[in-house]
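Next come the chains, spelled out residue by residue.
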Amino acid sequence: MLAILVFLPILACLAILFGAPARLTAIAAATINLVIGLLACCMPKSEVWNFSLTTLEKPAIHLSFSLMDGMSVVMILLSVLVTMAAVLSGKVPAGREKIWYASILLIAAGAIGAFASTDLFYFYAFHELALVPSFLMIGLLGRGDDRREIAWKITIYLGLGSLVLLVGLVWLANLTGTFSIPEMIAAGPVDPSAQKGIALLLLIGFGTLVSLFPFHSWAAPAYASAPAPVSMLHAGVLKKFGLYGLLRLAIPLAPIGLQAWLTPLLILLLGNILWVGLITINQKRLDSMLGNSSVMHMGYIFLAIAALISAPENPLAKSAAILLMFAHGISIALLFGLTDRIERLTGSIDMDDLGGLAKAAPSLALIFGIAAMASIGLPGLANFSGEVLVFLSAFKNYDPMTGLGPVQITCILAIWGVVISAVYMLRAYRRIFQGPSLKSTESVPDLSLTDRIPALLLIIALFAVGLYPNLLLNLLK
Amino acid sequence: MPAYYLEAFTVTLGLVLLLAEAFFPARKGKAWVGIAGAIGLAGILASAFLTIGPEGNPTANWASWPMWNFYQFDSLARFFKIFSLLTTIFVLLMAVDYRSILARFTDHPESENGTGEFYCLPIFACAGMMWIASARDLATAFVALELVTVTFYILVAFMRRNIGSLEAGVKYLIIGALSTGFLVYGIAWIYGSLGTMTFDGLASALHSPGTLHTTPLLFGIALVLIGLGFKVGAVPTHIWIPDVYQGAPTPTTAFLSVGSKAAGFVLLIRFIEPFLDGFSPVRHEVTGILAILATATLLFGNFAAIPQTNFKRLLGYSSIAHAGFLLLALAAWQPESINSLGSSKSVAFYLATYLLMTLAVFFVLGQVRVQRQGEAIADFNGLGKSNPRLATVMTVLLAALAGVPLTAGFVGKFLVFDLARNAHFWCPLIIGCIGAAAGFYYYFKIIRAMWWIEPDSSAATIVLPRITQISLIMLTAAVIIIGIYPEPIYALLR
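What counts, and where the lines are drawn
Residues numbered from 1 in each chain as written. Chains lettered and ligands numbered in written order. Predicted model: local features only at pLDDT ≥ 70, side-chain atom pairs only at ≥ 80, totals over all residues. Helix = DSSP H or I, 4+ residues; strand = E, 2+ residues; numbered from the N terminus. Rg over C-alpha atoms; globule rule 2.2 N^0.38 Å. Buried ≥ 20, exposed ≤ 12 C-beta atoms within 10 Å, placed from the backbone. Contact = placed C-beta atoms within 7 Å. Expected span 1.5 Å × (residues − 1). Domains from an automatic or database assignment. Nonpolar A, V, L, I, M, F, W, Y, C, P; charged D, E, K, R; others polar. UniProt positions renumbered as here; feature names shortened; annotations may be inferred. Axes fitted to C-alpha atoms, helices over the stretch in contact; angles between N-to-C directions. Parallel < 35°, antiparallel > 145°, perpendicular 65-115°, else oblique. Left-handed = near helix turned anticlockwise from the far one by under 90°. Pairing = 2+ DSSP bridges. pLDDT = per-residue confidence, 0-100.

A. Focus on the overall build of chain A. Assigned secondary structure in chain A consists of 22 helices and two strands. The C-alpha atoms of chain A give a radius of gyration of 21 Å, which matches the 23 Å a tight globule of 477 residues would have. Considering only C-alpha atoms, chain A reaches an extent of 65 × 60 × 40 Å along its principal axes. Within the span of chain A, comprising 477 residues, buried residues form 60% of the whole.

Quick look at the structure:
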């Protein structure tokens, strides 16, 4: 079944290139995938999901998919939800339907393939597959005059990051003598003397893909200039690949090595939260503000990972990281989708040109408000459960006798990030939706039905997980 | 059917076509020669699956012929025969769709009268390549190699009214002759040291070295490596590649870059194998020479490709870079084992993926030359707008050449890196990674030109002729399928 999940979008993509009606095919494929993804959440233990095909005998490599644990299930659920929303979002430039929908489907297939693969080879390969259409879409159909330079920049940036990652992965495979991820994990941590090097390579490689400070400078301009569905899929889903990889490979296989890099990691994640947070406040355009905010929020997930590194027996930290990955993916996808809508309604994304939009477009204002609250971390929405768990997990091993450890100190500083995100989100909301209407915002139409469906889909997910986090936490047990 | 029938059929086909081309009236053009050649070769390709060596039928009366003393038919030989036939078929088809340019620069520019031989010569070269794959000793291999090289002297300079083609022909001739000299001289030194020229004999002579002086032997090996480096496009005899690739007619360039390189590599595998086996007294020295050659080739090919603006020239440098990866696989020599394919089969695999990607790219390049009158990267500007499907295909192919995962190119590179890491070749491995990264840069430059740069107002929409279209679809589909499921090539190698 997982093979269907991965190959259906690829087949749909080929069908589109060879003349099938683009929008219809894409929606059909995304819907089928959504149904399969929800099914996977209902019965993750079933055998039907497994798929394996030996593609190389020497060295043994298998094209194999399975739900290794709850983490895979949650990431696949995130992927299918955001794919559905992405297919329905954005305005396709006339005459470019084919490349538009084909790229979206290819990105989705790559992301799902990476999360479902149990073989290191395909785990890496599918992620790379998703990057190529992202570059193309940004350069080809993106916004702004400098989109080509930006697309070129992220091609090089992420290409180099992936290469560092590849070296780390090859080293891992060399030490364990297998490409099968479950076999690697079952064999336990690798040779301690090599762990430090592997951990560094994986941290830099995966870190670049997740925009860990100071390897983050590609992210904000890329999201600001990408077409809406690409920003949604990349910021919402694809970027989580790096975190998924750290949790899946680095933590079980190189725990000692990671501990050696704990202090630098803590400093860098504070760079994400505080430094990039302050930069975010200063943004004048909504899209670059969201791009920066997405970089900033990665810091919290790294905090959970740091808590897990400092105390490997901390199941709460892992759950917290996954929950926050899910919540952030949904909320940032929703925000990017709405940003694109605002731009199309008013013709501008600069907060100076906007104001009083709530009067003309009340439902847009409401949905954006919910998404903004989610992003800040208001209770009742998914991000809140994620962030609270992250902070709790950082203090899980706190011992009053020994005083505050580095993780706890970082956590205390990181909590200020919540204030920062409240500042920029609320300011943005006030400047865009409240105050007197401007000429450009007086008579804009409200969200149409086709715009509401993807937004509702994502909001339901945000509320469901926010009000009842056990929905996901049960899967993670 | 004994295996050497294949070469006999191929040569016969070439002769028949040459005569038919000369005596049939030229009114209807010459394209039929190419088509007939491709069909004939396809027939031989089909019969290649039916042929056997003396091991397959020891009681047949041909099985005891002395022929088998200098001709062998193992899985590698069969693989490279199929490889050569397939390459030649595609090259002939490419030449058919390229004939308007060929005709313009041959003796009768307004007709196709001067183009007939262009379809016959590759068939002879193909016979030579097939024979190289089966050679049992250096003398046979050398003769077969010269058959290929002499044919190429003509093919490169075929557009004789085009100054670029002539220049390429002269350069190829001079450096080719020089490297032939190196090769023969090296063979002589090896014969002098070990007293034999057969590959089996080399292995047994090295097995019981006695009072072997390694210095003259190593001198001979180094000379042969330089001579073969010319065929495969390795440093230091790579200098002809960019100019010759750029000047030669595109089908010839494609043939050079795939067929000729593969012929060089199969001979290199056969030649180097005895010296790299565990008992060889010169194993470390030869490994060292190969590793240095591989590293230098990787560095030169990848970095010199970066500033190129002519696509055909860029492909020349990329062909040097690929030769570097292949040499790396040979330097990290490993016999086939339970969890490794071994160096020789990995090289064969890499070359097969390289065939698919490179020939397909040359098909596109040929048509861009015919219809947009240029071969620069700038001639691909805006292809995404004027020919979205062609641009998509081209994107897949270039991504495969760069080694993007899930395309055939990645599997090939993966096998090479896997060998290098098994051999603990860390320094060449890192240089290979850097080279692959540079590869991303220069291949993506073309993708960027196709999708992100607006076309000139004068740039024509490219209409692909039927043959190019079908070949391109087949090759691209194979690139993707092999990328996900490489088993078919494995089956051929078994």
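B. The overall build of chain B, seen in detail. Across its full length, chain B holds 20 helices and zero strands. In summary, chain B has a C-alpha radius of gyration of 22 Å against a globular reference of 23 Å for 494 residues, a match within 12%. A buried classification covers 58% of the 494 residues belonging to chain B. Pairs at least 24 apart in sequence give 79% of the contacts found in chain B among residues at least 6 apart.

C. Geometry of unusual backbone geometry. In the segment running from A:Phe213 into A:Pro214, the intervening peptide bond is cis, with an omega of 0 degrees. In this structure, A:Pro214 sits in the loop between helix 8 (192-209) and helix 9 (219-225). A cis geometry characterises the amide bond from B:Val235 onward to B:Pro236, with omega recorded as 5 degrees. Secondary-structure assignment places B:Pro236 in the loop between helix 9 (214-232) and helix 10 (241-247). Within the chain, A:Ser211 stands out as a residue other than glycine whose phi angle is a positive 60 degrees. Checked against the element boundaries, A:Ser211 lands in the loop between helix 8 and helix 9.

D. Representation of helix 16 (residues 388-402) of chain B in the model. For helix 16 of chain B, spanning 15 residues, the distance from its first C-alpha to its last is 21 Å, which sits close to the expected 21 Å at 1.5 Å a residue. Once helix 16 of chain B ends, the next one or two residues include B:Gly403, with phi positive near 95 degrees.

E. Broad picture of the domain arrangement of chain A. All names here are of chain A. Each assigned domain of chain A is listed with its residue range as follows: domain 1 (1-260) and domain 2 (262-477). Between domain 1 and domain 2, the residue contacts involve 40 residues of the former and 45 residues of the latter. Of all the elements in the fold, those that place two or more residues in the side of domain 1 that touches domain 2 are helix 3 (70-88), helix 9, helix 10 (228-238), helix 11 (240-253) and helix 12 (255-260). Ranked by residue count, the leading element in the side of domain 1 that touches domain 2 is helix 3, at ten residues. Across the side of domain 1 that touches domain 2, the residue classes break down as 30 nonpolar, eight polar and two charged.

F. Spotlight on the UniProt feature "domain: NADH:quinone oxidoreductase/Mrp antiporter transmembrane" (unreviewed entry) in chain A. Cross-referencing UniProt, the feature "domain: NADH:quinone oxidoreductase/Mrp antiporter transmembrane" (unreviewed entry) maps to residues 117-398 of chain A in the present numbering. As annotated, residues 117-398 of chain A has a helix share of 79% and a strand share of 0%, and its two end C-alpha atoms lie 36 Å apart.

G. Fine view of the interface of chain A and chain B. At the junction of the two partners, chain A supplies 27 residues and chain B supplies 27 residues. Within the residue set of the side of chain A that touches chain B, elements represented by two or more residues are strand 1 (51-56), helix 4 (97-116), helix 5 (120-141) and helix 6 (147-176) of chain A. Ranked by the residues each element gives to the side of chain A that touches chain B, the list is headed by helix 6 of chain A, at nine residues. For the side of chain A that touches chain B, a count of residues per class yields 17 nonpolar, five polar and five charged.

H. The arrangement of the packing of helix 5 (residues 116-134) of chain B against helix 11 (residues 250-276) of chain B in detail. Residue and element names in this part refer to chain B. Packing of helix 5 against helix 11 leaves a shortest axis separation of 8 Å and a crossing angle of 20 degrees. Comparing the axis directions of helix 5 and helix 11 gives the class roughly parallel. Seen from above, helix 5 lies across helix 11 with left-handed handedness. Contacts from Pro122, Ala125, Met129, Ile132 and Ala133 of helix 5 reach helix 11 at Phe255, Gly259, Ala263, Val266 and Leu267. A breakdown of the residues in the contact of helix 5 with helix 11 according to their chemical character gives nine nonpolar, one polar and no charged.

I. Spotlight on the pairing of strand 1 of chain A. Residues and elements named next belong to chain A. Examined bridge by bridge, strand 1 and strand 2 (residues 61-65) share five bridges and lie antiparallel to one another. Looking across to strand 2, one finds that Leu56 is bridged to Ile61. A loop of four residues connects strand 1 with strand 2, the two strands running antiparallel in sequence.

J. Inspection of helix 21 (residues 449-467) of chain A at higher detail. Residue and element names in this part refer to chain A. With 19 residues, helix 21 extends 26 Å from end C-alpha to end C-alpha; this agrees with the ideal 27 Å at 1.5 Å per step. All of the buried residues along helix 21 are Asp451, Pro454, Ala455, Leu458, Ile459, Ala461, Leu462, Val465 and Gly466. Of the surrounding secondary structure, the elements contacted by the buried residues of helix 21 are helix 3, helix 15 (315-346), helix 17 (362-376), helix 18 (382-394) and helix 22 (470-476).

K. Highlighting the packing of helix 5 of chain A against helix 18 (residues 426-452) of chain B. Running from amino to carboxyl end, helix 5 of chain A crosses helix 18 of chain B at an angle of 40 degrees, the nearest separation of the two axes being 9 Å. Accordingly, the angle class assigned to the pair helix 5 of chain A and helix 18 of chain B is oblique. The crossing of helix 5 of chain A and helix 18 of chain B is right-handed. Facing helix 5 of chain A, whose interface residues are A:Leu136, A:Gly139 and A:Leu140, helix 18 of chain B presents B:Arg448, B:Trp451 and B:Trp452.

L. Here's a closer look at the environment of A:Tyr468. With respect to the helices and strands, A:Tyr468 occurs in the loop between helix 21 and helix 22. Between the alpha carbons of A:Tyr468 and A:Ser363 there is a distance of 25 Å; along the sequence they are 105 residues apart.

M. Main features of the confidence of the model for chain B. Here chain B averages 90 in pLDDT, while 100% of its residues score no lower than 70. Two numbers describe this predicted complex: its pTM, 0.86, and its ipTM, 0.75.

N. Representation of the UniProt feature "domain: NADH:quinone oxidoreductase/Mrp antiporter transmembrane" (unreviewed entry) in chain B in the model. On the UniProt side, "domain: NADH:quinone oxidoreductase/Mrp antiporter transmembrane" (unreviewed entry) is annotated at positions that read residues 135-435 of chain B here. In the segment residues 135-435 of chain B, helix accounts for 77% and strand for 0%; the C-alpha atoms at its two ends are 33 Å apart.

O. Local environment of the environment of B:Gly374. All names here are of chain B. Looking at the secondary structure, you find Gly374 in the loop between helix 14 (343-372) and helix 15 (383-386). C-beta crowding within 10 Å serves as the criterion here: with 15 such atoms nearby, Gly374 is assigned to the partly exposed category. A C-alpha to C-alpha distance of 30 Å links Gly374 and Phe325, two positions 49 residues apart in sequence. Among all residues touching Gly374, those that are not within four sequence positions of it are Arg369 and Asp379.

P. Fine view of the environment of A:Leu8. Residue and element names in this part refer to chain A. Among the structural elements, Leu8 can be located in helix 1 (residues 2-17). For Leu8 and Leu105, which are 97 residues apart along the polypeptide, the C-alpha to C-alpha distance reads 9.0 Å. Setting aside residues no more than four positions away along its own chain, Leu8 makes contact with Ala29, Ile32 and Asn33.

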